[in-house]
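# Examining the three-dimensional arrangement
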Amino acid sequence: MYKLRVLFIFLWPALLSAQSYKKLHRRAIVVDTHNDFPNQSMEKGVRFDQDLKGITHSDLKRMKEGGIDVQVFSIWSDGTFGAGKGFARANRQIDSIYVWTGRNTATMMIAKTPADLKKAVRQKKLAVMMGMEGGHMMEDNLQYLDQLYERGVRYMTLTWNNSTSWASSAQDETRNTVPNAKKGLNILGEQIVKRMNDLGMIVDLSHVGEQTFWDAINISTKPVITSHSCVYQLCPVFRNLKDEQIKAIAKNGGVIHLNFFSGFLDSGFSKRNTDFLQLHKQERDSLKAINPEPYFTEEYLFAKYPAEVKSLRPPLSLLIDHLDYIVKLVGTDHVGLGSDFDGISSAPQQLDDVTGFPLITKALQDRGYSKKDIRKILGENFLRVFRANSAK
Ligand SMILES: [Zn+2]
């Protein structure tokens, strides 16, 4: 009996925490600032309100299961959709979001303001927001920017991997391939950031080059975000954030939302992934002949060799290490989650799709984070920035 009682006393906290993380997750406002489903939907010809388990990382039902309350969908295209094409491409994706939301009014709602967001959460609907990933889609046209805001776009990632005529990207700055006269923002770039501040469109500094980062954060009168970036000190890849950048975002009142991509979290991932692809080179080459889209070949091989692929993925604890790093540097007010689901080929163990979000809450609790801090990280930090940007 005594022994049983001792066992019970030891197990009780574990049992309690098993329950409490679910409750905490359910009650918190959970925000994910970056999900690439709209582009996936175009590439794969699928719809958000279908059951897409095994096909995509996300769908409406699984997002509910994952306890996500607010999803910012990324409106993305690569640099080939520039002048004459980018704005139309963005609008096509926005149209799809309106269609999905329009036929699921009981479970989804477009949120253009913090009040809309609160209303959606109160009514237990998914608050649907939009962020445009890549300034090239506004085609250097401030009127297009205004129209995108009108339609609900609430952040713009100034560049994707390609530079615009007015801002240099992280990829171009690090490779020394900036096509503009100088790195960073030019005069049009400064006008765009000012216009975004006036409109209430959040400046997103994921993907931008360091010079663009400093130019933009120095002139922005509102808090900025990175919608999907990690820590350079822990994983030195070109588009992760250096300590000085993390400190500057904190000083600006902004928030760094962590990307779940294995390759941005774990510096060993890239080599393991290359080795895996090399091992299956013959098969890869014949697949490429059938469909040259890189995602097709990778996804086929990933599905065919699940055990090998699983072993490539870092543990979930590594995502929490990146989070801890930022917290130790600047506190709990400046970090959040921007999964990049449906835009990435690999995420840490256990984060197989959007249903994995509660496990992050559990991991935070296990690391000793208070409920108050967990609520901030899960969504309140983003809400603070959204409110500050929306204020006229
Ligand atoms: Zn991205």
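Note that the structure is predicted; figures quoted are calculated from it, not measured.

## Some remarks on the overall build of the chain
Looking only at helices and strands, the chain features 18 helices and 9 strands. Its C-alpha atoms give the chain a radius of gyration of 21 Å, near enough to 21 Å, the size a compact globule of 392 residues would have. Seen along its three principal axes, the alpha-carbon backbone of the chain occupies a region of about 80 × 55 × 45 Å. Within the span of the chain, comprising 392 residues, buried residues form 56% of the whole.

## Digging into the packing of aromatic side chains
Each aromatic ring pair is described using two quantities: the centre-to-centre distance and the angle formed by the ring planes. Scanning all chains against the criterion turns up 16 aromatic pairs. Taking 5.4 Å as the distance between ring centres and 65° as the angle between the ring planes, the aromatic pair formed by F37 and F48 counts as edge-to-face. Of this pair, F37 sits in helix α2 (residues 37-44) while F48 sits in the loop between α2 and α3 (60-65), and the two are 11 residues apart along the sequence. A network of ring pairs unites the aromatic residues F37, F48, F73 and W100 as a single cluster. For the cation-ring pair, K242 lies above Y232, with the distance from its terminal atom to the ring centre recorded as 4.9 Å.

## Some thoughts on unusual backbone geometry
With the exception of glycine, the majority of residues adopt a negative phi angle, and the majority of peptide bonds are in the trans configuration. Although it is not a glycine, K124 adopts a positive phi angle of roughly 55°. Assignment of secondary structure puts K124 in the loop between α5 (114-122) and β4 (126-133). Here K124 falls in the exposed class, since its relative accessible area comes to 67%. One non-glycine residue, D140, adopts positive backbone phi at about 60°. Considering the arrangement of structural elements, one finds D140 in the loop between β4 and α6 (142-151).

## Some remarks on the environment of L158
Relative to the helices and strands, L158 resides in the loop between β5 (153-157) and α7 (170-175). The spacing of L158 and S220 is 62 residues in sequence and 13 Å in space, taken between C-alpha atoms.

## Here's the deal with the pattern of salt bridges
Taken as a whole, this structure holds 19 salt bridges when the rule is applied. With a shortest N-O distance of 3.9 Å, K61 and E65 are connected by a salt bridge. Separated by 4 residues within a single helix, K61 and E65 lie in helix α3, roughly one turn from each other. According to the relative accessible area criterion, K61 is exposed, its value standing at 59%. Its salt-bridge partner being D373, residue K376 comes within 3.9 Å of it at the nearest N-O pair. On the criterion of helical spacing, the pair formed by K376 and D373 is a turn pair, its members being 3 residues apart in helix α18 (residues 371-390). Given a relative accessible area of 17%, K376 falls into the buried group. What you see here is one network of salt bridges that share partners, running through D59, R62 and D353.

## Remarks on the coordination of the zinc ion
Coordination of the zinc ion by the protein comes from E133 (OE), H207 (NE2) and H228 (NE2), over a distance range of 1.9 to 2.2 Å. For the zinc ion, the single-chain donor residues occur in sequence as E-x73-H-x20-H. Of the two residues, H207 is situated in the loop between β6 (202-204) and α9 (210-219) and H228 in the loop between β7 (225-226) and α10 (243-251); the sequence distance between them amounts to 21 residues.

## A closer look at empty space enclosed by the protein
Inspection of every chain in the model, using the stated rule, returns 1 cavity of 30 Å³ or more. Around the largest cavity, the lining residues are V31, V255, H257, V335, G336, L337, K376, I377, L378, G379, N381 and F382. For the lining of the largest cavity, the elements supplying multiple residues, two or more each, are β8 (255-258), β9 (335-337) and α18. The leading source of residues in the lining of the largest cavity is α18, at 6 residues. Grouping the constituent residues of the lining of the largest cavity by class yields 7 nonpolar, 4 polar and 1 charged.

## Concerning the packing of α5 against α18
Viewed as axis vectors pointing N to C, α5 and α18 meet at an angle of 140°, and their least axial separation amounts to 9 Å. Comparing the axis directions of α5 and α18 gives the class oblique. Of the residues in α18, those in contact with P114, L117 and K118 of α5 are L383, F386, R387 and S390. Taken together, the residues of the contact of α5 with α18 sort by class into 4 nonpolar, 1 polar and 2 charged.

## Here we look at the nonpolar core
Nonpolar side chains in soluble globular proteins generally cluster together in the buried interior. By size, the foremost hydrophobic cluster in this structure holds 91 residues, and its most contacted members are M156, L158, F260 and I360. Counting residues per element, this core draws most heavily on helix α16 (residues 316-330), which supplies 8 residues.

## Some thoughts on the layout of surface pockets
When its volume is computed, the second largest pocket comes out at roughly 290 Å³. Among the elements that make up the lining of the second largest pocket, the one with the highest residue count is helix α1 (residues 2-27) (3 residues). Looking at the lining of the second largest pocket residue by residue, the classes come out as 5 nonpolar, 2 polar and 6 charged.

## What about helix α8 (residues 187-199)?
Relative to the 18 Å expected for 13 residues at 1.5 Å per residue, α8 spans 18 Å between its end C-alpha atoms, a close match to the ideal helical length. Listed in full, the buried residues belonging to α8 are G189, I192, V193, M196, N197 and L199. Close packing links the buried residues of α8 with α6, β5, β6 and α9. Where α8 begins, the side chain of N186 points an oxygen toward the backbone nitrogen of L188, at a separation of 3.1 Å. After α8 finishes, the residue G200 shows a positive phi value of roughly 100°.

Thresholds, definitions, all that
- Position numbers for residues start from 1 in each chain and track the written sequence from start to end.
- It should be noted that, the model being predicted, local features are given only for residues of pLDDT at least 70 and side-chain atom pairs only at 80 or more, the latter also being counted only at that level, while totals for whole chains, interfaces and linings use all residues.
- Hydrogens are left out, water is left out, and the side-chain values use all remaining heavy atoms of the structure.
- Numbering of helices and strands runs from the N terminus, with a helix taken as a DSSP run of H or I at least four residues long and a strand as a DSSP run of E at least two residues long.
- Only the C-alpha atoms count toward the radius of gyration. The rule for a globule is 2.2 Å times the residue count to the power 0.38.
- Residue exposure (1.4 Å probe, protein chains only): buried if accessible area is under 20% of the type maximum, exposed if over 50%, otherwise partly exposed.
- Between the rings of Phe, Tyr and Trp (Trp by its six-membered ring), a pair exists once the centres lie within 6.5 Å; its type follows the angle of the planes, with under 30 degrees stacked, over 60 edge-to-face, and the other angles tilted.
- Charge-over-ring contacts are defined here by two conditions on Lys NZ or Arg CZ: a distance within 6 Å of the ring centre and an angle within 35 degrees of the ring normal.
- Salt bridge, as used here: a side-chain nitrogen of Lys or Arg that lies within 4 Å of a carboxyl oxygen of Asp or Glu.
- Metal donors were taken as nitrogen, oxygen and sulfur atoms no farther than 2.8 Å from the ion, or 3.2 Å where the ion is Na, K or Ca. Water is excluded, so coordination may look unfinished.
- Put simply, the grid is 1 Å and covers the protein atoms alone, a cavity is a trapped set of points that fit a 1.4 Å probe, a pocket is an open set with protein on both sides within 12 Å along at least five of seven lines, and lining residues have an atom within 4 Å of a point.
- Grid points are joined across faces, edges and corners, and a volume is the space filled by probe spheres set on the points.
- Classification convention: Asp, Glu, Lys, Arg as charged; Ala, Val, Leu, Ile, Met, Phe, Trp, Tyr, Cys, Pro as nonpolar; all other residues, Gly among them, as polar.
- Helix axes are fitted to C-alpha atoms over the stretch in contact, other axes to C-alpha atoms as well, and angles between N-to-C directions run from 0 to 180 degrees.
- By the definition adopted for this analysis, an angle is roughly parallel if under 35 degrees, roughly antiparallel if over 145, roughly perpendicular if from 65 to 115, and oblique otherwise.
- Any two residues whose heavy atoms approach within 4.5 Å are treated as being in contact.
- Among buried residues, those of type Ala, Val, Leu, Ile, Met, Phe, Trp, Tyr and Cys that are joined through side-chain atoms within 4.5 Å constitute a nonpolar core.
- One less than the residue count of a helix, multiplied by 1.5 Å, gives the span that helix is expected to have.
- Within 3.5 Å is the distance limit for a polar contact, defined as a pair of N or O atoms, with the added protein rule that one can donate a hydrogen and the other accept it, and that residues adjacent in sequence qualify only through two side-chain atoms.

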